[in-house]
Amino acid sequence: MSAEIAGPGPGPGAGSEPGRLCPEHGQALSWFCYSEQRPVCAACAGQGGRCRGHRIRRAEERAEELRNKIVDHCERLQLQSATITKYVADVLPGKSQKAVSTASAARELVIQRLGLVRSLCESEEQRLLEQVHGEEERAHQSILTQRVHWTEALQKLDNIRTSLVDMLTHLDDLQLIQNEQEIFERTEEAEGILDPKESEKLNFNEKCTRSPLLTQLWVTAVLGSLSGTEDMRIDEKTVSPLLQLSDDRRTLTFNVKKSKACADGPERFDHWPNALATTSFQAGLHVWTVNVQNSCAYKVGVALGQLPRKGSGSDSRLGYNAFSWVFSRYDQEFRFSHDGQHKPLALLRCPAQLGVLLDLQAQELLFYEPASGTVLHTHQTSFPGPVFPVFAVADQTISIIH
């Protein structure tokens, strides 16, 4: 037992309260047990009591200790209240005033910047519409010129034919022979009128609407308006034996040796390290993002469903046939490939993520860097059918980001 309780006698002790008795011994609760955190009687605190060996103090001393703690708490609360009062009186008004002035400056900045963007958009709109109008006028004028030319040609051919028919009808043999030179000249004149041929001059050149500024603003607007990327998975039936597909079907890992666990099938790529997504697109606007930071050799893009899957030839090699359109990286070289045509792309840095934006209404495929929104390459074409997102990796891993 603690020395603090040496020699307590039976019966009520100092500081006991009438009516507050120990339920076990019927004595006043004049002691406090720290181990059990409750008042006890002298019998409980004695040598044979239940609190033997516990730290025991007289109840009045414990009460004094608590009073001192309450006083300390009250002083701290008073100081805390003073601090809060001073904060409310001195700091918050200044914060409120600063918030008002900062918000005003922020509003002015937003209005100023969006005003500049709006002005730039209006100027670009005017410039592009003028280009469209000019191209429309040029195409229309070319068509009118062709119409006049071929109308004159038709009239000339009709005159020649009438003249030849007239000779055939009214000249006798001798006269016909004597007019052989004229006949020759008329037929030669007719042969000089060539058949019409297709000319790009008669077509509206859609490239007149190409504008890096418009493309960048459009991409920014599209990415800002979409709620998220496509919930895209890779079709395990198409995965090359050189690739390992993760359980969530979003990550492809390159294996140097072909896996023998992959059962061959008509949909599986058997030579090139390719794979298709499960979903195809034939209309609308679609966006997906691929994590490519761990790979130095990959391809990302779209392909038609009829892309061949077998053999080591170019028919099934992404970007080397008419069925696939891909952005590719090999070491520090980047390029866009389709049908064996490869366009080098000068990138300032290797993107950690590669975004793909497919606009099937405009028939446009666009690659961008999600971190900055920078457009890396755009390609316009007429996709002859539904297209699948396609992937290839020959180093480490790439993953579809969800």
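Residues numbered from 1 in each chain as written. Predicted model: local features only at pLDDT ≥ 70, side-chain atom pairs only at ≥ 80, totals over all residues. Heavy atoms only, no water.

**Student:** Even after reading the chapter, I still don't get the packing of helix H2 (residues 59-170) against helix H4 (residues 180-191), so can you show me in this structure?
**Tutor:** When two helices pack together, you describe them by how their axes are tilted relative to each other and by the distance separating the axes. Across the interface, H2 lies against H4 with an axial gap of 10 Å and an inter-helix angle of 155°. The angle between H2 and H4 places the two elements in the roughly antiparallel class. In this structure, H2 meets H4 at a crossing whose hand is left-handed. Here Lys 156, Leu 157, Asn 159, Ile 160, Ser 163, Leu 164 and Met 167 of H2 lie close against H4, whose contacting residues are Glu 182, Ile 183, Arg 186, Thr 187, Glu 189 and Ala 190. A per-class count over the contact of H2 with H4 returns six nonpolar, three polar and four charged. (Axes fitted to C-alpha atoms, helices over the stretch in contact; angles between N-to-C directions. Helix = DSSP H or I, 4+ residues; strand = E, 2+ residues; numbered from the N terminus. Parallel < 35°, antiparallel > 145°, perpendicular 65-115°, else oblique. Left-handed = near helix turned anticlockwise from the far one by under 90°. Contact = heavy atoms within 4.5 Å. Nonpolar A, V, L, I, M, F, W, Y, C, P; charged D, E, K, R; others polar.)

**Student:** In this structure, what is going on with the pairing of strand E13 (residues 364-369)? I would like to understand it.
**Tutor:** Remark: a regular strand shows side chains that alternate across the two faces of the sheet. With six of its six residues buried, E13 lies for the most part within the structure. Neither face of E13 is left uncovered, since the one carrying Glu 364, Leu 366 and Tyr 368 and the one carrying Leu 365, Phe 367 and Glu 369 both have all their residues buried. The pairing of strand E12 (residues 353-359) with E13 spans five bridges and is antiparallel. Directly across from Val 356, in E13, lies its bridge partner Phe 367. If you look at the hairpin formed by E12 and E13, you'll find four residues sitting between the two strands, and Gln 363 has a positive phi there, around 55°. Here E13 runs beside strand E14 (residues 374-380); their pairing, made up of six bridges, is antiparallel. (Buried < 20%, exposed > 50% of the residue type's maximum accessible area, 1.4 Å probe, protein only. Pairing = 2+ DSSP bridges.)

**Student:** How should a nonpolar patch on the surface be read in this particular structure?
**Tutor:** A surface patch of nonpolar side chains, amounting to about 410 Å² of accessible area, comprises Ile 84, Tyr 87, Val 88, Val 91 and Leu 92. Within the fold, Tyr 87 resides in helix H2. (Patch = residues over 30% accessible without salt bridge, like charges linked within 9 Å, V, L, I, M, F, W, Y side chains within 5 Å. Areas by Shrake-Rupley, 256 points an atom, 1.4 Å probe, with all protein chains shown as cover. Salt bridge = Lys/Arg side-chain N within 4 Å of Asp/Glu carboxyl O.)

**Student:** Help me out: how do you make sense of the pattern of salt bridges in this one?
**Tutor:** Oppositely charged side chains may form a pair once their charged atoms are brought near each other. With the rule as written, the count across this model stands at 14 salt bridges. For the salt bridge of Glu 124 with Arg 127, the shortest nitrogen-to-oxygen distance reads 2.8 Å. Within this pair, Glu 124 and its partner Arg 127 are both found in helix H2, separated by three residues, close to a single helical turn. Classification of Arg 127 as partly exposed rests on a relative accessible area of 35%.

**Student:** I tried to follow the packing of aromatic side chains on my own but got confused; where do I start?
**Tutor:** Think of a pair of aromatic rings as described by two things: how far the centres are apart, and how the planes are tilted against each other in angle. Counted by the stated rule, this structure contains six aromatic pairs. Three or more aromatic residues joined by ring pairs form one cluster here, namely Phe 327, Phe 334, Phe 336 and Phe 367. (Phe/Tyr/Trp six-rings, centres within 6.5 Å; stacked < 30°, edge-to-face > 60°.)

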